[in-house]
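Chain residues, written in single-letter form:
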Amino acid sequence: MRGRCTKVKSNTGQMSAFYFQDTMNFVSKLSLRRIWNAGKVISSFYLTKWTKKPTQWGMPFTVSVEPTTACNLRCPECPSGLRAFTRPTGNLKADFFKGMMDELGKDLMYLIFYFQGEPYINPKFLDMVKYASDKGIYTITSTNGHFLNDENAKKTIESGLDRMIISVDGTTQEVYENYRKAGKLENVLAGARNMVKWKKKMKSKTPHLIFQFLVVKPNEHQIPEIYKLAEEIGVDEVKLKTAQIYDYENGNELIPTIEKYSRYAQMDDGRYRVKNELLNHCWKLWHSCVITWDGMVVPCCFDKDADHKLGDLKKESFRTLWHGDAYNNFRTELLKGRDKIDICTNCTEGCKVWA
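What this report covers is the structure whose coordinates are included nearby. Everything quoted here is computed from the prediction, not taken from an experiment.

## Things to note about helix H4 (residues 94–104)
The α-helix winds at 3.6 residues per turn, so residues separated by three or four positions along the chain end up facing the same way. Along H4, the residues classified as buried are Ala94, Phe97, Met100, Met101 and Leu104. One side of H4 carries all its buried residues, which in axial view fall inside an arc of 120 degrees. Summarising the contacts, the buried residues of H4 are in contact with strand E2 (62–65), strand E3 (110–113), helix H5 (125–134), strand E10 (288–291) and helix H11 (318–322).

Pasting the structure below:
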């Protein structure tokens, strides 16, 4: 349960220079083609909201690819951690990835190397990052930090990765392992220090390093400490992330007591509901998608077991499936009622363009 599908709350005031630097790095990668494509996507989305009929003129400018389904940890609420997939598992092949980038790369603004699993388990992961970086795409990954030894840290800098999210869900081992089962906090912090060290040695401004703190009841008291720890190590930014919980209706030991860090609100009868209103449109279905390790295209990162397959890149081009019947039918169903789509009912995003 890392990655791109939770409402993120950033620290304010601190590390603003690093944030500005990261923003300028992204802006430097923009091209007229990418800007034009984004304009087509945004206008398509607003036309869809107005007409209530799906229109898509552009290509996605954000894509998440899955380097692997494997993970070394056993986190609750995570299919990788629970070893609970019903779909096939494996590693993304580098040649297959290159073919995807040759088709999509000119329109992409963001490429996220994460869906499920720990990216560094794929032995070709950093080679794929470099291939995308060489195409001028802003690249992001999310890692549990256990594989950032000295060699991998140096190779990561060399790959051109633009942003790295490191999950640090506690500032002491006792608290950290409440969620990151089988994890070792000392290894994660050593990996972060390796990244900072090699950035300095190589005089590199990238990757922008983020400590991501998944706020749950067992660790919420350590929120002030994660900022201190990040500053001590030299990490560029801290982000607090709300937790998606599958079994929330009758309460759950992971739901924070600090209300603003919870996705769920308690009702008068003691049960819980998702806070956000489930609106019948979704920005993610217009600007982004997820591609699994074996080439299946799914709507978003809430479809962790790839139940809603909208196409297979082993059988057709991305452009064909993006504008094809399966995608248009899914968008149409979404416009009719997101509450009828299982992956949408626990979603706290998708209702705003810049969510």
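## Quick look at the pairing of E10
The side-chain alternation of E10 yields two buried faces, one formed by Ser288 and Val290 and the other by Cys289 and Ile291. Bridging between E10 and strand E11 (residues 296–298) involves two bridges; their strand directions are antiparallel. Opposite isoleucine 291, over in E11, you have valine 297 as the bridge partner.

## Quick notes on a nonpolar patch on the surface
A cluster of nonpolar side chains, contributed by Phe20, Met24 and Val27, occupies part of the molecular surface with about 290 Å² of accessible area. By secondary structure assignment, the location of phenylalanine 20 is in helix H1 (residues 16–28).

## Some details on the nonpolar core
Here is a general trend for soluble globular proteins: nonpolar side chains tend to be buried in one another's company. Counting residues in hydrophobic clusters, the biggest one holds 102 residues, and the most contacted among them are Phe97, Leu111, Phe211, Ile291 and Phe318. In terms of residues, this core owes the most to one element, helix H8 (residues 185–201), which gives seven residues. If we ignore the near neighbours within four places in the chain, the residues touching phenylalanine 97 are Val65, Leu92, Leu111, Phe113, Met128, Tyr131 and Ala132.

## Topic: the pattern of salt bridges
Scanning all chains against the criterion turns up 16 salt bridges. Across the pair aspartate 150 and lysine 197 runs a salt bridge, and its minimum N-O distance is 2.5 Å. Of this pair, aspartate 150 sits in helix H6 (residues 150–159) while lysine 197 sits in helix H8, and the two are 47 residues apart along the sequence. The salt bridge partner of glutamate 259 is lysine 275, with a shortest N-O separation of 2.8 Å. One end of the pair, glutamate 259, is in the loop between strand E7 (237–242) and strand E8 (264–266); the other, lysine 275, is in the loop between strand E9 (272–274) and helix H10 (284–287), and 16 residues separate them in sequence.

## Notes on H1
The terminal C-alpha atoms of H1, which comprises 13 residues, lie 18 Å apart, in line with the 18 Å expected from a rise of 1.5 Å per residue. Turning to H1, its buried residues are Asp22, Asn25 and Phe26. Each buried residue of H1 sits inside an arc of 100 degrees when the element is viewed along its axis, so together they form one side. Turned more than 90 degrees away from the buried face of H1 sit Ala17, Phe20 and Ser28, all of them exposed. Buried residues along H1 sit against E3, strand E4 (138–143), strand E5 (163–167) and strand E6 (208–215).

## Here we look at the side chain of serine 262
Mapped onto the secondary structure, serine 262 falls in the loop between E7 and E8. Of the residues examined, serine 262 reaches a relative accessible area of 5% and is grouped as buried. Polar side-chain contacts of serine 262 include one of 2.9 Å to the backbone oxygen of tyrosine 264. With sequence-adjacent residues up to four places away left out, serine 262 is seen in contact with Ile255, Pro256 and Lys275.

## A word on the packing of aromatic side chains
Tallied over the entire structure, the rule returns 13 aromatic pairs. Ring plane angle 45 degrees and centroid distance 5.5 Å describe the contact between phenylalanine 97 and phenylalanine 113, whose orientation is recorded as tilted. Taken together, the residues phenylalanine 97 in helix H4 and phenylalanine 113 in strand E3 connect sequence positions 16 residues apart. A relative accessible area of 0% means that phenylalanine 113 is categorised as buried.

What counts and how
- Residues numbered from 1 in each chain as written.
- Predicted model: local features only at pLDDT ≥ 70, side-chain atom pairs only at ≥ 80, totals over all residues.
- Heavy atoms only, no water.
- Buried < 20%, exposed > 50% of the residue type's maximum accessible area, 1.4 Å probe, protein only.
- Helix = DSSP H or I, 4+ residues; strand = E, 2+ residues; numbered from the N terminus.
- Arc of directions from axis to C-beta.
- Contact = heavy atoms within 4.5 Å.
- Pairing = 2+ DSSP bridges.
- Patch = residues over 30% accessible without salt bridge, like charges linked within 9 Å, V, L, I, M, F, W, Y side chains within 5 Å.
- Areas by Shrake-Rupley, 256 points an atom, 1.4 Å probe, with all protein chains shown as cover.
- Salt bridge = Lys/Arg side-chain N within 4 Å of Asp/Glu carboxyl O.
- Core = buried A, V, L, I, M, F, W, Y, C linked by side-chain atoms within 4.5 Å.
- Expected span 1.5 Å × (residues − 1).
- Polar contact = N/O pair within 3.5 Å; in protein donor to acceptor, adjacent residues only side chain to side chain.
- Phe/Tyr/Trp six-rings, centres within 6.5 Å; stacked < 30°, edge-to-face > 60°.

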